[in-house]
Amino acid sequence: MSTRHDCIFCRIVRGEIPARKVHEDDEILVFHDINPHAPVHFLMIPKVHIDNLYDAGPDHHPVLGRMLGMAGELARREGAEDGFRVVINNGRVGRQEVYHLHVHVLGGPEPLGPGMNRR
Ligand code: 5GP
Ligand code: ZN
């Protein structure tokens, strides 16, 4: 894997593009989605570039676990106190737009829509 990527989320990690940060540590960055789909909508990304879950190998398991492990605490802190949804879009069929793995965290206060296309 290359060490430098010019994808938009790598540029946010490097501070080249501003973002409203929720949390940052040595391997994870969390920031608000620029186009929120819910009252609470932030993205959790590993600082290391991975396109999506197809590329997640054993080396990535710890950071993936840490992201899920801190989602509830951050959701509550951001005001989603009565439930939230976690979404990871992967590839064309998953309608992924930014090819740097990211966990969407979406929350209320009111219940969200069905969340799956019912077509
Ligand atoms: P995807 O469809 O790839 O799962 O979702 C990508 C998400 O990234 C979208 O919800 C979009 O609004 C968000 N996004 C795209 N560009 C930026 C950006 O420059 N800054 C932030 N904060 N979010 C972005
Ligand atoms: Zn990247």
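This text goes with the structure placed above it.
Residues numbered from 1 in each chain as written. Chains lettered and ligands numbered in written order. Predicted model: local features only at pLDDT ≥ 70, side-chain atom pairs only at ≥ 80, totals over all residues. Heavy atoms only, no water.

Enquirer: Can you tell me about the overall build of the chain, naming the residues and giving the values?
Expert: Along its length, the chain carries two helices and five strands. Along the chain, from the amino end to the carboxyl end, the secondary structure elements read α-β-β-β-α-β-β. Its C-alpha atoms give the chain a radius of gyration of 14 Å, near enough to 14 Å, the size a compact globule of 119 residues would have. Each of the three principal axes of the chain carries a C-alpha extent, and together these read 40 × 35 × 25 Å. A burial count over the chain gives 37% of its 119 residues as buried. Counted over contacts in the chain with a minimum sequence separation of 6, partners at least 24 positions apart contribute 55%. Surface accessibility of the chain: about 7,600 Å² in total, with carbon and sulfur atoms responsible for 51%. For the chain, the distance from the average position of its 14 positive side-chain charges to the average position of its 16 negative side-chain charges is 5 Å. (Helix = DSSP H or I, 4+ residues; strand = E, 2+ residues; numbered from the N terminus. Rg over C-alpha atoms; globule rule 2.2 N^0.38 Å. Buried < 20%, exposed > 50% of the residue type's maximum accessible area, 1.4 Å probe, protein only. Contact = heavy atoms within 4.5 Å. Areas by Shrake-Rupley, 256 points an atom, 1.4 Å probe, with all protein chains shown as cover. Lys, Arg positive; Asp, Glu negative; His and termini not counted. Charge placed at Lys NZ, Arg CZ, Asp CG, Glu CD.)

Enquirer: Can you break down the side chain of His100 residue by residue, with the values?
Expert: The topology assignment puts His100 in the loop between strand E4 (84–87) and strand E5 (103–107). For His100, a relative accessible area of 0% translates into the label buried. Beyond its immediate sequence surroundings of up to four residues, His100 is in contact with Cys7, Phe9, Cys10, Ile45, Pro46, Lys47, Val48, His49, Ile50 and Asp51.

Enquirer: Help me get a handle on the coordination of the zinc ion (ligand 2), residues and values and all.
Expert: Within the protein, the zinc ion (ligand 2) binds to Cys7 (SG), Cys10 (SG), His49 (ND1) and His100 (ND1); these donor distances fall in the range 2.1 to 2.3 Å. Classification of the site at the zinc ion (ligand 2) as tetrahedral follows from its four donor atoms and the range of 104 to 118 degrees in their angles at the metal. (Donors = N, O, S within 2.8 Å, 3.2 Å for Na, K, Ca; no water. Tetrahedral: all angles 85-135°; square planar, octahedral: opposite > 155°, others 65-115°.)

Enquirer: Talk me through the pairing of strand E3 (residues 40–46); I want residue IDs and the actual numbers.
Expert: Here E3 lies mainly inside the structure; seven of its seven residues are buried. By the alternation rule, side chains of E3 split into Val40, Phe42, Met44 and Pro46 and His41, Leu43 and Ile45, which are all buried. As paired elements, strand E2 (residues 28–32) and E3 share five bridges and run antiparallel to each other. The residue of E3 that forms the bridge with Val30 is Met44. Where E3 and E5 come together, five bridges link them in antiparallel fashion. Residue pairing for E5: Leu43 is matched across the bridge by His104. (Pairing = 2+ DSSP bridges.)

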